[in-house]
Amino acid sequence: MEQRKSTENDKGKIQVGKTPMRSNTDESVDGGLNRSSDEAPVMGVERRVGIIQPELPFATSVKGRKTNCTKARGIPITQTMVNESYRKVKRNKGSAGIDEISLETFALNAEANLYKIQNRMSSGSYFPKGVKQVSIPKKDGKTRELGIPTVEDRIAQQVVKEYLESRFEREFHDNSYGYRPLRNAHHALGEVRKNVRKYDWVVDMDIKGFFDEVSHELLMKALDKLVDEKWVKMYIQRWLEAPVQTESNGLVYREGKGTPQGGVISPLLANLYLHYVFDKWMSILYPHLSFVRYADDIIVHCTTKEEAEQVLAAIHERMTECHLRLHEVKTKIVFCKKYKKQSTHSTVKFDFLGFSFMPRPTALKGGRMILGYDCAISQSSESRIIDEIKRTNFQRWTNKGIEVVADYFNPKLLGWLHYYGKFRRHKLYRVIKIFQNRLHNWVRKRFKRLNGSYIKACKWLATYRESNPKLFAHWIVDYIY
């Protein structure tokens, strides 16, 4: 805003021989004229500039009604923050929300759209749209409900997430690994592998419908401990109360609980919630025990069965106090059966982050084999990958070249090999073997001169591989067939 010096009048002309006067720019805010500078009896004439800084009414919204008005002055959200958040949202991709505006459509007028977001967020006039609900299949055959915010809301959430994340990171527990910078599932698995060698018992826990059960009241109390800015809590409250558009096109309003699983800021809020519900609580009551938490999947390591039973009972009570429930089927006590460790307890296996921990033959440095306790790709993860390969029916893509097949599968193969091949890579043999057999069938059907011979197809692919050893991802990492 241009600042008009007080030596000029309203028309911009120099006032000569009299005290500078101008119309009072605070009139619209204060409800009347302020005294002019020439009324100051002691300090003399005061120089003023024409700057307006109004107090803006902020409000949350519940079922279309604006409530909890609060006045705040200046929200520190810059255009640079919004632009950087947009780049991250665009990099993460994602589909359109309830407004049906995709990232591609948003990009057609990105500059104006980003300015609008910054303008509204910095003035307190930003209100999120509803969340689009979609269902995705789970491993057990059921479905999981995801909430997809609009592109604008994802950018706005990313802005607040970036603003808060470093502050929260200083408070979060070292044994929390999910959705945190510089931490991933492999780090969590590595910590569990180390702990099962030290402890003989495990409490394997899963919180039932966690994202749907998060208490808004308790979450806002957790925010109060780390966040003083009213505008931050105001926007988070609005996101929590945003309606959900179900697949039947009906709008559903949250009744004091739940955060959309799929929102940009939801994982950060989930970690904050469980930091106070579980991590800090465990550190106070059971400082001698180790635990690993990845989002709402939790592993607690205990020394004896009695201790594991007592800890599980205490955790049940704690979760109930905080309006959460443990999954009755997935939560269990497990004995880590290994060399020189025996028990009559029947459950000796648990799954964590797509891997199965169970008794496995382990080689010592001298070559001697003993019974150890370690992880490898779980049976459910293996079955899911095999089903995905079979569903493509790519052996029937006879009108496509082998490069097209490689371009389609290499991102998937790299992901499987990188994630599940981290521990006991040889356990991926069955998955890779099935893919390779289907590739042989593709060759057999693609080239008529092979007369449908599987042996000739294997020879053709082996010859082709010699001249193109890097075409498929599993060829590069020395899987030999």
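Residues numbered from 1 in each chain as written. Predicted model: local features only at pLDDT ≥ 70, side-chain atom pairs only at ≥ 80, totals over all residues. Heavy atoms only, no water.

Undergrad: Describe the sheet that holds strand E6 (residues 244-245), listing the residues and the values that go with them.
TA: The 4 strands are arranged E4-E3-E6-E7 in an open sheet whose pairing can be described as mixed. Edge strands, defined here as strands with exactly one partner in the open sheet, are strand E4 (143-148) and strand E7 (251-252). When E6 meets E7, the two strands line up antiparallel, connected through 2 bridges. Across the sheet, Val 244 pairs through a bridge with Val 252, a residue of E7. (Pairing = 2+ DSSP bridges. Helix = DSSP H or I, 4+ residues; strand = E, 2+ residues; numbered from the N terminus.)

Undergrad: Can you tell me about the sheet that holds strand E8 (residues 290-294), naming the residues and giving the values?
TA: A sheet is described by the order of its strands in space; here 4 strands give the open sequence E8-E9-E5-E10, paired in antiparallel fashion. One side of each edge strand has no neighbouring strand; the edge strands of this open sheet are E8 and strand E10 (332-335). Between one strand axis and the next, the sheet turns through 20 degrees on average, direction left out of account. The pairing of strand E5 (residues 201-206) with E10 spans 4 bridges and is classified as antiparallel. Across the sheet, the residue bridging to Asp 204 is Lys 332, located in E10. (Axes fitted to C-alpha atoms, helices over the stretch in contact; angles between N-to-C directions.)

Undergrad: Tell me about the pairing of E8, and name the residues and values.
TA: The buried fraction of E8 is high, at 5 of 5 residues. Alternating positions in E8 separate into two faces, Ser 290, Val 292 and Tyr 294 on one and Phe 291 and Arg 293 on the other, with burial throughout. Two elements, E8 and strand E9 (residues 297-302), share 5 bridges in a ladder whose sense is antiparallel. Bridge assignment links Arg 293 to a residue of E9, and that residue is Ile 298. Taken together, E8 and the strand that follows it, E9, pair antiparallel across an intervening segment of 2 residues, in which Ala 295 is found at a positive phi of about 60 degrees. (Buried < 20%, exposed > 50% of the residue type's maximum accessible area, 1.4 Å probe, protein only.)

Undergrad: Tell me what's going on with the nonpolar core, and back it up with residues and numbers.
TA: Judged by nonpolar contacts, the single largest core of 69 residues is most densely connected at Ile 236 and Val 300. Of the residues forming this core, the biggest block, 11 residues, is contributed by helix H10 (residues 266-285). With near-sequence residues (within four places) excluded, Ile 236 lies in contact with Leu 164, Met 220, Leu 223, Ile 265 and Leu 269. Among the nonpolar cores identified, the runner-up in size contains 53 residues, and Leu 353, Ile 385, Leu 428 and Leu 439 belong to it. (Core = buried A, V, L, I, M, F, W, Y, C linked by side-chain atoms within 4.5 Å. Contact = heavy atoms within 4.5 Å.)

Undergrad: An account of the packing of helix H8 (residues 216-226) against H10 is needed here, citing residue identities and associated values.
TA: Where H8 contacts H10, the axes come no closer than 9 Å and their chain directions differ by 85 degrees. Considering the angle they form, H8 stands roughly perpendicular to H10. Residues Leu 218, Leu 219, Ala 222, Leu 223, Lys 225 and Leu 226 of H8 pack against Leu 269, Leu 272, Tyr 273 and Tyr 276 of H10. Across the contact of H8 with H10, the residue classes break down as 9 nonpolar, no polar and 1 charged. (Parallel < 35°, antiparallel > 145°, perpendicular 65-115°, else oblique. Nonpolar A, V, L, I, M, F, W, Y, C, P; charged D, E, K, R; others polar.)

Undergrad: An account of the side chain of Ser 122 is requested, with residue identities and associated values reported.
TA: You can see Ser 122 is positioned in helix H4 (residues 110-123). A distance of 2.7 Å separates a polar atom in the side chain of Ser 122 from the backbone oxygen of Gln 118. At a separation of 3.2 Å, a polar atom in the side chain of Ser 122 contacts the main-chain carbonyl oxygen of Asn 119. Every residue in contact with Ser 122, bar those within four places of it in the chain, is listed here: Ile 75 and Ile 77. (Polar contact = N/O pair within 3.5 Å; in protein donor to acceptor, adjacent residues only side chain to side chain.)

Undergrad: Report on helix H9 (residues 230-241), specifying residues and quantitative values.
TA: Over its 12 residues, H9 runs 16 Å from end to end, which matches the ideal 16 Å to within 8%, given 1.5 Å per residue. Counting buried residues in H9 gives 11 out of 12 residues, a clear majority hidden from the surface. Taken as a whole, H9 has its buried residues at Trp 231, Val 232, Lys 233, Met 234, Tyr 235, Ile 236, Gln 237, Arg 238, Trp 239, Leu 240 and Glu 241. (Expected span 1.5 Å × (residues − 1).)

Undergrad: Go over a positive patch on the surface with me, naming the residues and quoting the values.
TA: A cluster of basic residues, Lys 142, Arg 144, Lys 208, Arg 325 and Lys 330, forms a positive patch on the protein surface. Summarising the element assignment, Lys 142 is placed in the loop between strand E3 (131-137) and E4. With relative accessibility at 54%, the residue Lys 142 sits in the exposed group. (Patch = residues over 30% accessible without salt bridge, like charges linked within 9 Å, V, L, I, M, F, W, Y side chains within 5 Å. Areas by Shrake-Rupley, 256 points an atom, 1.4 Å probe, with all protein chains shown as cover. Salt bridge = Lys/Arg side-chain N within 4 Å of Asp/Glu carboxyl O. Lys, Arg positive; Asp, Glu negative; His and termini not counted. Charge placed at Lys NZ, Arg CZ, Asp CG, Glu CD.)

Undergrad: Outline unusual backbone geometry, listing residues and values.
TA: Phi at Lys 340 takes a positive value of approximately 70 degrees, unusual for a residue other than glycine. Within the secondary structure, Lys 340 is located in the loop between E10 and strand E11 (350-352). Lys 340 gets classed as exposed once you look at its relative accessible area, which sits at 68%. Positive phi is not limited to glycine here, since Arg 424 has a value of about 50 degrees.

Undergrad: Give a detailed account of empty space enclosed by the protein, specifying residues and quantitative values.
TA: If you roll a probe as big as a water molecule over the atoms, it shows you where there is empty space left. Within the structure shown, the criterion is met by 2 cavities of 30 Å³ or more. What the largest cavity holds in volume is close to 90 Å³. Surrounding the largest cavity, 15 residues form its lining, Val 131, Gln 157, Trp 239, Leu 240 and Pro 260 being those nearest its centre. Every element with two or more residues in the lining of the largest cavity is listed here: helix H5 (151-169), H9 and H10. Broken down by class, the residue content of the lining of the largest cavity amounts to 9 nonpolar, 4 polar and 2 charged. The computed volume of the second largest cavity comes to approximately 40 Å³. Within the residue set of the lining of the second largest cavity, elements represented by two or more residues are helix H7 (210-213) and H10. Considered class by class, the residues forming the lining of the second largest cavity number 7 nonpolar, 1 polar and 2 charged. (1 Å grid on protein atoms, 1.4 Å probe; cavity = no way out; pocket = protein on both sides within 12 Å on 5 of 7 lines; lining within 4 Å. Points joined across faces, edges and corners; volume = space filled by probe spheres on them.)

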